Amino acid sequence: MSLKKVVSLLLLFTICSTVFSNSNSESGSSSDDTNKEVTVTIFSDQNTADNAVPVIEAFYEETGINVEYVVVPGQAAEIYQKVDISLMSGEKTDLVHCNSVYFNKVGQAGLGYDINEFIDVDPNFDAKEAHGEFLQSYNGGEVYGLPISSTRWAVFYNKKLFDEAGVAYPDGTWTWDEYIDTAIKLTDKEKGIYGSYMPSYGNMYHIKSSMAGVSAYKEDGTSNFDDPIFAEGIKWYTDLSAVHNIQQSMTEQKIKKLGSFHFLGGKNAMMLISSWYLNPIQNYEKYPRDWEIGITSIPTFSDVQQNKNFGSTQYIFVNKNSAHPKEAYEYTKFYALNKHKYVSSIPALPNVSKGELELTFKAVEDGTKGEITVDDLFKAYFDNGLGFGNEKLGGVIASEYYSALKAQAELYALEEQDLNETVKNITISANEAIQKAK
Amino acid sequence: MKNIISTYNNLPNKRQEETTAYMFILPFVVGFFIFYILPILYCFLISVLDFNGYAKVSDIFKGEIPFVGLENFINIFKDRVAMKSLQNTAKFSLMFVPAKTMFALALALLLNQRLFLRGVSRSFMLMPYVANVVAIAMVFSILLDDAGPISAIFNLFGLESPLWLMDKRTALPTVVFISVWQSSSYTALIFLAGLQNVPTVLYESARIDGASLWQTFIKITLPMISPTTFFVIISNTIGSFMNYGLIKNLTDGGPGYETRTLIYNIIEEAFSFNHFSFGTAQAILLFFIILIITLIQWWGQKKWVHY
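(A) The overall build of chain A, seen in detail. Looking only at helices and strands, chain A has 17 helices and eleven strands in total. Computed over the C-alpha atoms, the radius of gyration of chain A is 25 Å, within 12% of the 22 Å expected from 2.2 N^0.38 for a compact globule of 438 residues. The principal-axis extents of the C-alpha atoms in chain A amount to approximately 90 × 50 × 50 Å. With 438 residues in all, chain A has 55% of them scored as buried. Of the contacts made within chain A by residues no fewer than 6 positions apart, 76% connect residues no fewer than 24 positions apart. A total accessible area of about 19300 Å² is found for chain A, and carbon and sulfur atoms account for 50% of it.

This is the structure:
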């Protein structure tokens, strides 16, 4: 055999083995059979992965099962896009950390593993009793995951800006009109101070309907966005910047890429945000500040009969193609029952004892060096006479709804169209999406 | 020539040579087939199915996803947002292609002169092209902010600055401007190569005959670089449809749907709403639009390109 032939054959072999070698050894669970140690993998964002470290350690100590967080870069919507592709292509990553909208989407599509198989034979865990209405089932009672936390909204405020403006701290018994009046007193454009900050999340445009408990869908399944309360909500949020000048406009937020953590920069006196914010405010290293933070209850709408606070539930979803469903279930259960002991969050456990909540809130008090007390937290989230509702529009077409809402609300904010046309366009877009989904 | 070919055909190692040649191009061919041809064929397949929700990819081959024919394509013309995206894409291309071509040519003409620090200028000229699109978007967002330097200059002259990226009328032209700024340098390099291949004797003859600069440009430069111009126009036209990154980071398709182009809509439909078949149908429509435009240009070259 000539040298040329040998070289050609070697080259061909090397190239073919490189092209056709299995490069998929890292996705899905890794299982070392020789050590019989199982590693459960879970998709999540970086923040969640960082916060989960003590939970993982405690779980390993109890069960000997490893947990590995697979961090997916990007914002929530981008993360779910990537996870979608993974789930649909049959990847074996065991779990997905997700919000209620995404959980609902994948649940209805039947992409989950029915963990009733394990719940039914678990003598120490009754999922229905533990989680109550937070537990979701699909496709005839199948359970694809467990709720791990339930957020609630409150107003965080900058005590230093209140002191400088000579305004008394809010006591939580207030209406939105009083909130606006307070914010006006705190706003000082010359110093670049705004009295309010509500990031232009999609749900900010329908706070009023969330607090009134009005659904985005009619009984026949069509869009309910033509209900006047939705128009009022869009106008109300837009007026915060356009009329009252108490916060940066949606436009300014978009151009300057102001995100959730802008409030911690100290230029906005108050911020309405979900309870997940309890974690970053304890991180003085990443978000240093020379001012103290306070918390108070969400204001109410004086023309709404029974105001509700709102929030969303976070879930851990078990992948249908999970490599280790039993171990994945064990971690999901552990996380759902114990997360609040390690990560500052409100558990999705309706029967959680006040004592356990106090312990969770005590950790926040310690983490914020006493700026926010246990008492403050109870008053802000629970002891305020408010009911509880859903913060999201929900349903099968949630993504399309928010896409249309944001686009049309933007045009309204820029005075390119009036409120009636805005709401009409959103309703039409939503109904078209509902038709397509059928 | 015939002798050479017959001599080659009679070589004892001809077969061996051919086999070796095929083996060397095999990796590229295999990769091209797997990563280009197969996905394109897959796109054509799912565009005629109803793969508009969650389903496993394997369900396609089990026949569990229904065949719907051209329904996805017909739905494009019924969808207001898709039609708006198509309209925006056309507007973008009509502004982008001439602007980029002319700007790049102007830049190339400038750099073809004997300038002080010509070498350094040529290097700096490439910087927008190699810069990250996210960084460019952030910088221009700050520059075009209503409290930014551009607005300050307008205010200095007593004029009211438009909202640029957040105004319905100016958003798309502003994105076009930024896109032209970002990508012209590479095109200018191509023009520069073309300009440097124009024989100087033609310019000398024109000078002797008393031709003006403009006449020289129109009668000599343009015709001589017409093959380069033809290539640039085709590649710019194709490139004008690939604008997702800049739009996503600058305006996110807004305000409203004003800067939402077809490629943006395709990605949103496919990956945000999981309407894979609908998104793919739009992608195939885009493919045919580009193909038709390219064929028209190819047919038109006989009239104005001089080789």
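(B) Here's a closer look at the interface of chain B and chain A. With 39 residues of chain B in contact, the opposing surface of chain A contributes 40 residues. With both sides pooled, the region where chain B packs onto chain A buries about 3400 Å², and carbon together with sulfur makes up 61% of that total. By the criterion of area lost to chain A, the three top residues of chain B are B:Y54, B:R80 and B:M166, representing 22% of everything that side buries. Taken together, the connections running from chain B to chain A amount to two salt bridges. Salt-bridge contacts for A:K436 lead to B:D79; the nearest nitrogen and oxygen are separated by 2.7 Å. Summed over the shared surface of chain B and chain A, the number is ten residue pairs in polar contact (both at pLDDT 80 or more). Mapped by element, the contributors of at least two residues to the side of chain B that touches chain A are helix 2 (14–47), helix 14 (244–250), helix 15 (262–272) and helix 16 (276–304) of chain B. Examining the composition of the side of chain B that touches chain A, we find that eight residues originate from one element, helix 2 of chain B, more than from any other.

(C) The arrangement of the sheet that holds strand 8 (residues 293–296) of chain A in detail. Residue and element names in this part refer to chain A. The antiparallel open sheet is built from three strands, whose spatial order is 7-6-8. Every interior strand has two partners, whereas the edge strands, strand 7 (270–274) and strand 8, have only one. Adjacent strand axes in the sheet meet at a mean angle of 30°, parallel and antiparallel pairs treated alike. Summarising the sheet, strand 6 (residues 153–158) and strand 7 pair through five bridges and their orientation is antiparallel. Across the sheet, residue Y157 finds its bridge partner in strand 7, namely M270. Packing against the sheet, helix 9 (residues 176–186) makes contact with strand 6 and strand 7, and its axis sits at approximately 135° to strand 7. Strand contacts of helix 15 (residues 374–381): strand 6 and strand 8, with the helix running at about 40° to strand 8, the strand carrying the most contacts.

(D) Region of interest: the layout of surface pockets. When its volume is computed, the second largest pocket comes out at roughly 940 Å³. B:P39, B:I40, B:C43, B:T280 and B:A283 are, among the 30 residues lining the second largest pocket, the residues nearest its centre. Those elements giving two or more residues to the lining of the second largest pocket turn out to be helix 4 (76–88) of chain A together with helix 2, helix 15 and helix 16 of chain B. Residue contributions to the lining of the second largest pocket peak at ten residues, all from helix 16 of chain B.

(E) Region of interest: the pattern of salt bridges. Residue and element names in this part refer to chain A. Inspection of every chain in the model, using the stated rule, returns 20 salt bridges over all chains. Note that E410 is salt-bridged to K254, the shortest N-O span being 2.6 Å. Linking E410 in helix 16 (residues 398–413) with K254 in helix 12 (residues 250–255), this pair joins segments that are 156 residues apart in sequence. The buried category is assigned to E410, whose relative accessible area is 4%. Sharing partners across several salt bridges, the network here consists of D122, K326, E330 and K333.

Analysis parameters
- Residues numbered from 1 in each chain as written.
- Chains lettered and ligands numbered in written order.
- Predicted model: local features only at pLDDT ≥ 70, side-chain atom pairs only at ≥ 80, totals over all residues.
- Heavy atoms only, no water.
- Helix = DSSP H or I, 4+ residues; strand = E, 2+ residues; numbered from the N terminus.
- Rg over C-alpha atoms; globule rule 2.2 N^0.38 Å.
- Buried < 20%, exposed > 50% of the residue type's maximum accessible area, 1.4 Å probe, protein only.
- Contact = heavy atoms within 4.5 Å.
- Areas by Shrake-Rupley, 256 points an atom, 1.4 Å probe, with all protein chains shown as cover.
- Buried area = accessible area lost by both parts, 1.4 Å probe.
- Salt bridge = Lys/Arg side-chain N within 4 Å of Asp/Glu carboxyl O.
- Polar contact = N/O pair within 3.5 Å; in protein donor to acceptor, adjacent residues only side chain to side chain.
- Pairing = 2+ DSSP bridges.
- Axes fitted to C-alpha atoms, helices over the stretch in contact; angles between N-to-C directions.
- 1 Å grid on protein atoms, 1.4 Å probe; cavity = no way out; pocket = protein on both sides within 12 Å on 5 of 7 lines; lining within 4 Å.
- Points joined across faces, edges and corners; volume = space filled by probe spheres on them.

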